[in-house]
Amino acid sequence: TSTRDKNIRMELEKQFKNKISLKEFEVVNTSSSNVAGNFFGSQKGFNVKEASESLKVCVVKMDRLDMEFDMVGYDPAIANALRRILLSDIPSMAIEKVHMYQNTSIMQDEVLAHRLGLLPLTADPCLFSYPPADWSPESGTAKDTLDFSLTIKCTSSSDPTKQYNNDHVLTKHMEWVPRGDQEKWMGTTDPGCADKDILINKLRPGHEMEIKMFAVKGTGRDHAKFSPVSTAFYRLLPSITITKPVLGEAALRLQKCFSPGVIELEEGPGGSKHAVVKNERIDSCSRNVYRYDDLKESVSLDKVKDHFIFTVESVGSNTPQDLVSMAWDVIIEKCDHFIGELQDSEEKK
């Protein structure tokens with residue numbers, strides 16, 4: 001009996017250490033360590049073989065721009081490093097210089113230039129080199145510069161169905177001007193914005209714009225406009241456990257305490273409906289259940305410490321799976337550099 005009690009206690013302790021508990025007025029058991037899978041208070045060392053077996057990455061859904069995947073067994077520092085690298089260290093192309101020959105709209109030149117710089121371009125940055133420190137639009141080459149032009153004028157319309165012509169300046173009005181043989185080796189006829197309905201400016205009759213734009217390769221560390229992702233974030237996997245049966249009207253109230261689809265009502269043997277957990281992954285962790293005294297003791301709300309739900313949304317220049325792969329490559333490169341620095345310091349001793 002003592003052995004069985006000890007095993008039960010160890011299992012409960014393991015579950016407790018692996019989860020963050022969401023109480024009514026506090027969040028408990030948030031302590032962690034710097035080694036994935038090694039929880040607070042444990043003396044276990046890091047084992048590469050064990051880590052390789054426990055670390056998992058699973059893609060949940062993916063399309064041209066969006067990707068959601070699970071990172072299981074990883075330390076928060078690794079998940080956060082991946083997020084920061086996606087934001088700051090993966091290159092993309094963005095408009096760096098703007099030559100305005102005419103802008104009679106009500107938008108100031110500097111505001112318009114800022115809006116143009118933030119437009120997401122679809123040009124593949126892997127095909128280009130970084131511009132030199134003394135780069136200028138005049139000194140730029142086909143391997144480090146993309147040229148775009150925008151010439152538009154608003155006039156009154158003779159069509160009774162619309163008041164003006166060209167009153168909305170959209171990304172579809174931007175034209176790519178290839179340098180040299182760019183069109184051949186880039187493999188595209190339009191490295192501009194994927195979405196052609198992004199609003200740049202609004203004009204009225206008499207307003208006109210004549211602009212040339214020059215895009216270069218850069219990283220989010222230099223400027224946010226070079227970040228290849230519009231969002232890159234992670235959250236912990238929610239864990240919801242119904243600790244005692246919830247029936248009838250109470251089950252309906254419990255269902256409404258969570259996001260739609262988390263709790264379902266199933267019919268029991270006696271004909272009364274009881275609550276069951278259907279999909280805890282989509283819960284928003286609102287803790288609304290603590291509003292009801294008769295329900296708060298029926299549910300345990302937790303988050304799994306080492307199960308990260310990672311979401312990446314690309315701006316269009318690369319697919320999200322390529323961006324994540326490049327981010328892992330950067331992490332490996334940084335690790336190799338740090339190992340080299342440690343080895344050099346050991347040799348100097």
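This one's a predicted model, so the numbers in the text were calculated from it and none came from an experiment.

1. Some thoughts on the overall build of the protein
Next up, step 1: Along its length, the protein carries seven helices and 16 strands.
Next up, step 2: Radius of gyration (C-alpha) of the protein: 28 Å, far over the 20 Å computed for a compact globule of 349 residues.
Next up, step 3: When the 349 residues of the protein are sorted by exposure, 38% land in the buried category.
Next up, step 4: Across the protein, the fraction of contacts at a sequence separation of at least 24, relative to all contacts at a separation of at least 6, is 74%.
Next up, step 5: Taken as a whole, the protein presents about 20200 Å² of accessible surface, with 51% of it coming from carbon and sulfur.
Next up, step 6: For the protein, the separation between the mean place of its 44 positive charges and that of its 52 negative charges on side chains is 5 Å.

2. Considering the packing of aromatic side chains
Next up, step 1: Across all of its chains, the model carries five aromatic pairs by this definition.
Next up, step 2: Seen from their ring centres, F69 and F310 are 5.1 Å apart, and the 10 degrees between their planes marks the pair as stacked. Linking F69 in strand β4 (residues 66–72) with F310 in strand β16 (residues 299–314), this pair joins segments that are 241 residues apart in sequence.
Next up, step 3: Note on F310: relative accessible area 0%, which makes it buried.
Next up, step 4: Centroid distance Y234 to F310: 5.8 Å. Interplanar angle 35 degrees. Geometry classified as tilted.

3. A word on the pattern of salt bridges
Next up, step 1: In this structure the tally under the stated criterion is 11 salt bridges.
Next up, step 2: Across the pair D293 and K296 runs a salt bridge, and its minimum N-O distance is 3.2 Å.
Next up, step 3: Several salt bridges share partner residues, and in doing so they unite E24, D293 and K296 into one network.

4. Thoughts on the packing of helix α3 (residues 76–88) against helix α7 (residues 320–348)
Next up, step 1: Contact geometry for α3 and α7: axes closest at 9 Å, N-to-C directions at 110 degrees. Comparing the axis directions of α3 and α7 gives the class roughly perpendicular. In this structure, α3 crosses over α7, and the sense of that crossing is right-handed. Two secondary-structure elements touch here, α3 through I78, A81, L82, I85 and L86 and α7 through L323, V324, A327, W328, V330, I331 and K334.
Next up, step 2: Here the residues of the contact of α3 with α7 sort into 11 nonpolar, no polar and one charged.

5. Some remarks on the side chain of S259
Next up, step 1: Mapped onto the secondary structure, S259 falls in the loop between α6 (248–256) and β14 (263–267).
Next up, step 2: When sequence neighbours within four positions are dropped, the list of residues in contact with S259 reads I282, D283 and S284.

Rules behind the numbers
Residue indices follow the written sequence of each chain, beginning from 1 at its first position. In view of the model being predicted, local features appear only for residues whose pLDDT reaches at least 70, and side-chain atom pairs are presented and counted only at 80 or more, with totals across whole chains, interfaces and linings using the full set of residues. Computation of side-chain values covers all heavy atoms of the structure but excludes hydrogens and water. By definition, any uninterrupted DSSP run of H or I lasting at least four residues is a helix, any uninterrupted run of E lasting at least two residues is a strand, and each is numbered from the N terminus. We compute the radius of gyration from the C-alpha atoms alone; for a globule the expected value is 2.2 Å times N to the 0.38, where N is the number of residues. For the exposure calls, accessible area comes from a 1.4 Å probe over protein chains only, and a residue counts as buried if that area is under 20% of its type's maximum, exposed if over 50%, partly exposed in between. What makes two residues a contact is simply this: any of their non-hydrogen atoms within 4.5 Å. Only the protein chains shown count as cover for residues, and the accessible areas themselves come from Shrake-Rupley with a 1.4 Å probe. Charge counting treats Lys and Arg as positive and Asp and Glu as negative, with His and both chain ends excluded. Where a charge sits is defined by one atom per residue type, namely NZ (Lys), CZ (Arg), CG (Asp) or CD (Glu). Stacked, edge-to-face and tilted labels apply to pairs of Phe, Tyr and Trp rings (six-membered ring for Trp) whose centres lie within 6.5 Å, assigned for plane angles under 30 degrees, over 60, and everything in between, in that order. By convention in these notes, a salt bridge is any Lys or Arg side-chain nitrogen within 4 Å of a carboxyl oxygen on Asp or Glu. Interaxial angle, 0 to 180 degrees, is taken between N-to-C directions of lines fitted to C-alpha atoms, where a helix line uses only the stretch in contact. Any angle between 65 and 115 degrees counts as roughly perpendicular, while under 35 counts as roughly parallel, over 145 as roughly antiparallel, and the rest as oblique. If you view the pair so one helix is near and one far, a crossing is left-handed when the near helix is turned anticlockwise from the far one by less than a right angle, and right-handed when it is turned clockwise. Three categories are distinguished: nonpolar for Ala, Val, Leu, Ile, Met, Phe, Trp, Tyr, Cys and Pro, charged for Asp, Glu, Lys and Arg, and polar for the others, with Gly belonging to the last.

Without other data, these values stay purely geometric and don't point to any function.
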